[in-house]
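One letter stands for each residue in the lines below.
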Amino acid sequence: MQLARAKARKVYTLEFEGGISVKEDTMSSSSKRKEESHLLNGGVKQSTWSKAFNSKAVWEEKDEFLDVIYWLRQIIAVILGVIWGVAPLKGFLGIAIFCVINAGVLYVYFSSFQQVDEEEYGGTWELTKEGFMTSFALFLVVWIIFYTALHFD
């Protein structure tokens, strides 16, 4: 049996001379989503990949979401490398199109599909470049192998 831990919420109270008081709840929207998701799931933890394909999933651990970004980039790199190798695409144009597609797909994924708070992960640029160089290297290897196997005499 897993017990849910209650998160402490900070509430500030301001009192004015006329007896008016204002309360401000400083719980962030992401922590509210985490709390709601935990209650909806009945305290059961979802797998990482099931959260990856569910819109607006709640990520308890920062590294878990970064791992999903990393591995999605690797999948995109293999797919695009095969396509670029089969269609005899060459040169800078192939590299440029890969970079735009790779960065664009992941940007749409984390900003529109998952709707995460980019600032929790160091900003948009940090999420955009997460795992990019390894996916670029993988893309080049797959592209070269397929191009050489199919189009080189």
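Here the structure is a predicted model, which means the values were calculated and not measured. (Residues numbered from 1 in each chain as written. Predicted model: local features only at pLDDT ≥ 70, side-chain atom pairs only at ≥ 80, totals over all residues. Heavy atoms only, no water.)

Sorry, what's going on with the overall build of the protein here?
Across its full length, the protein holds six helices and two strands. Reading the secondary structure of the protein in the N-to-C direction produces β-β-α-α-α-α-α-α. In the protein, which comprises 153 residues, the proportion classed as buried is 29%. Partitioning the contacts of the protein with sequence separation of at least 6, the portion at a separation of at least 24 is 64%. Here the protein displays about 10300 Å² of accessible surface, and carbon together with sulfur accounts for 63% of that area. (Helix = DSSP H or I, 4+ residues; strand = E, 2+ residues; numbered from the N terminus. Buried < 20%, exposed > 50% of the residue type's maximum accessible area, 1.4 Å probe, protein only. Contact = heavy atoms within 4.5 Å. Areas by Shrake-Rupley, 256 points an atom, 1.4 Å probe, with all protein chains shown as cover.)

Teacher, can you tell me more about helix α6 (residues 132-151) here?
Along an α-helix, residues three or four apart share an orientation, since each turn contains 3.6 residues. For α6, with 20 residues, the first-to-last C-alpha span of 27 Å sits near the 28 Å given by 1.5 Å per residue. By the burial criterion, the buried members of α6 are Phe132, Ser135, Phe136, Phe139, Val142 and Trp143. Buried residues of α6 fall within an arc of 135° about the axis and therefore sit on the same side. Every exposed residue of α6 that faces more than 90 degrees away from the buried side is listed here: Met133, Ile144, Ile145 and Ala149. In this fold, the buried residues of α6 make contact with α3 (62-86), α4 (91-113) and α5 (124-129). (Expected span 1.5 Å × (residues − 1). Arc of directions from axis to C-beta.)

Quick question: what am I supposed to make of the side chain of Lys51 here?
Along the polypeptide, Lys51 turns up in helix α2 (residues 48-52). Given the relative accessible area of 1%, Lys51 is considered buried. Of the polar contacts made by the side chain of Lys51, one reaches the side chain of Glu60; its length is 3.0 Å. Not counting chain neighbours up to four residues away, the residues in contact with Lys51 comprise Gln46, Ala57, Val58, Trp59, Glu60, Glu64 and Gln114. (Polar contact = N/O pair within 3.5 Å; in protein donor to acceptor, adjacent residues only side chain to side chain.)

Please explain the UniProt feature "transmembrane region" (unreviewed entry) in the protein as it appears in this structure.
Mapped onto this structure's residue numbering, the UniProt feature "transmembrane region" (unreviewed entry) falls at residues 68-86, 92-110 and 131-150. End C-alpha atoms of residues 92-110 are separated by 27 Å, and the span's content is 100% helix alongside 0% strand. The span residues 131-150 is 95% helix and 0% strand, and its two end C-alpha atoms sit 29 Å from each other. (UniProt positions renumbered as here; feature names shortened; annotations may be inferred.)

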